[in-house]
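Here's the letter readout for the chains.
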Amino acid sequence: MPLSISSICRNITPSTTLRLNALVAEKRKQGLDVISLAAGEPDFDTPEHIKQAAREAIDKGYTKYTASSGLPELRRALSEHIRSTKGLSYQPGEIIVGTGAKQVILGALIALLEPGDEVLLPTPCWLSYPEMVRMAGGVPVLVPTTLEQGFMPDLSQLEAAVTPRTRAIVINTPNNPTGAVWDMRAMEAVAQCAKDHDLFILSDEIYEMLVFGGGSHIPMASLSEDAYARTVTISGMSKTYAMTGWRIGYAAGPKPLIDAMDAYQSHATGNPNTIAQHAALAAVTASQQCVADMAQAFESRCQAVQELLRQVPGITVAPPLGAFYVMVNIEALLGKRFRGQMIETDGQFAELLLEHALVSAVPGEPFFAPGCLRLSYAINEKRLAEAVRRIKAFVEELI
Ligand code: PMP
Ligand code: GLU
């Protein structure tokens, strides 16, 4: 009997980033010395005191279900954490803990959207947003931005994309994949557009602690009372505490939305992993020195990767201000050949680079940045230098 798959799932493009991670792992198993600039995760191990809290949680028997929205003590701790890091006040009941920011974003979209509702996505953007919007029954509407604009939309661009069906906008600063950190002007444009057209704002601030060069992160909900009331802020443990595998994210926003997300989550997954929640509790309540130390390491790598990439002919670098990604434009290299093979797209470039130079990079196309590559510099500086040396040798072979 032919198996018929639902239209929602038939139309999902599987995550390119996760596919590449798996491909790299496979090649390494074969003994190949692949350097991955594809992984969107810190290379640091989870700090010891956080791991210790998880061990203790197991020993103490914290191995049962919790409330679906998360441990009350973790929601209280997050309320305090958000107050101290962003100056924003949320009651524990206005916060939900979920299985990674990824699940929380999907939950928020499911709680917000009616079928056919449009969601504005300034691009380049994280490749999961459009898929998630579709999975929640919505329609992604792209708002392209350019390097010249610092990858930040202005008010007229946002206004031009609004229709009577527009329901929400998703923003992400510091940004994956561009490394842009949005300035006040861009944030105000979003707040203004949302107010004028009664839109909801989903502000993905998962890279909030990684801002370089003396810049600062502007939390969307801090802009005004109106922005606060129409924003759900998303963050999580993955990037701040090097805890990608633990799968703990959270959202803070208006209580009716958080309650709706909880109702959904209570049937979809139930509570996020109990042991990981205890680890997250330790992460946000202990000294934040580990966060500062990791951010400093990323900042120095950010400088290093830009200097290294300047030596590679034919590429232009979009100077990153935060997160741990740098986007490079390789358009000048498309149309050239590598050992007889024509390279027409960033996807083909990335494939050949992995195959022949053993460096993995994510093509820009799934992030709506065709002609570009996204390089993650979440690896140590020695390996980073070796990766760029391999990229340079690869590029020098192109004719
Ligand atoms: N948002 C952005 C922009 C990301 O890059 C990621 C990384 N996967 C996430 C959300 C989700 O993070 P996690 O599910 O690991 O909390
Ligand atoms: N957000 C990371 C990335 O963009 C992790 C992988 C994923 O979840 O997509 O690479």
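Structure first, text after, so check above.
Bear in mind the structure is a predicted one, so any value in this text is a computation, not a measurement.

Caption draft 1: Spotlight on the pattern of salt bridges. Under the defined criterion, the tally for this structure stands at 18 salt bridges. For the salt bridge of Glu131 with Arg134, the shortest nitrogen-to-oxygen distance reads 3.5 Å. Of the two residues, Glu131 and Arg134 both sit in helix H6 (residues 128-135), three residues apart, roughly one turn of that helix. Residue Arg134 is classed as partly exposed on the basis of its relative accessible area, which comes to 38%. Close ionic contact of Asp226 with Arg230 constitutes a salt bridge, the shortest N to O distance being 2.8 Å. Within the structure, one salt-bridge network assembled from shared partners comprises Asp33, Arg383, Glu386, Arg389 and Arg390.

Caption draft 2: Representation of the packing of helix H14 (residues 346-357) against helix H15 (residues 381-396) within the structure. Two numbers describe how H14 lies on H15: the axes approach to 10 Å, and their chain directions differ by 110°. Our classification of the angle between H14 and H15 gives roughly perpendicular. Crossing angle aside, the handedness with which H14 passes H15 is right-handed. The residues of H15 that touch H14, namely those facing Phe349, Leu352, Leu353 and Ala357, are Arg390, Ile391, Phe394 and Val395.

Caption draft 3: Structural view of the layout of surface pockets. Space inside the largest pocket adds up to approximately 650 Å³. Taken together, the elements giving at least two residues each to the lining of the largest pocket come down to helix H2 (16-29), helix H5 (100-112), H6 and H14. Here the lining of the largest pocket takes seven residues from H14, the largest share from any one element. Its residues placed into classes, the lining of the largest pocket shows 16 nonpolar, eight polar and nine charged. Lining the second largest pocket we find 27 residues, and of these Leu18, Gly40, Lys102, Trp126 and Lys239 sit closest to its centre. Among the elements that line the lining of the second largest pocket, the one with the most residues is H5, at four residues. Residue composition of the lining of the second largest pocket, by class: ten nonpolar, eleven polar and six charged.

Calculation criteria
- Residues numbered from 1 in each chain as written.
- Chains lettered and ligands numbered in written order.
- Predicted model: local features only at pLDDT ≥ 70, side-chain atom pairs only at ≥ 80, totals over all residues.
- Heavy atoms only, no water.
- Salt bridge = Lys/Arg side-chain N within 4 Å of Asp/Glu carboxyl O.
- Helix = DSSP H or I, 4+ residues; strand = E, 2+ residues; numbered from the N terminus.
- Buried < 20%, exposed > 50% of the residue type's maximum accessible area, 1.4 Å probe, protein only.
- Axes fitted to C-alpha atoms, helices over the stretch in contact; angles between N-to-C directions.
- Parallel < 35°, antiparallel > 145°, perpendicular 65-115°, else oblique.
- Left-handed = near helix turned anticlockwise from the far one by under 90°.
- Contact = heavy atoms within 4.5 Å.
- 1 Å grid on protein atoms, 1.4 Å probe; cavity = no way out; pocket = protein on both sides within 12 Å on 5 of 7 lines; lining within 4 Å.
- Points joined across faces, edges and corners; volume = space filled by probe spheres on them.
- Nonpolar A, V, L, I, M, F, W, Y, C, P; charged D, E, K, R; others polar.

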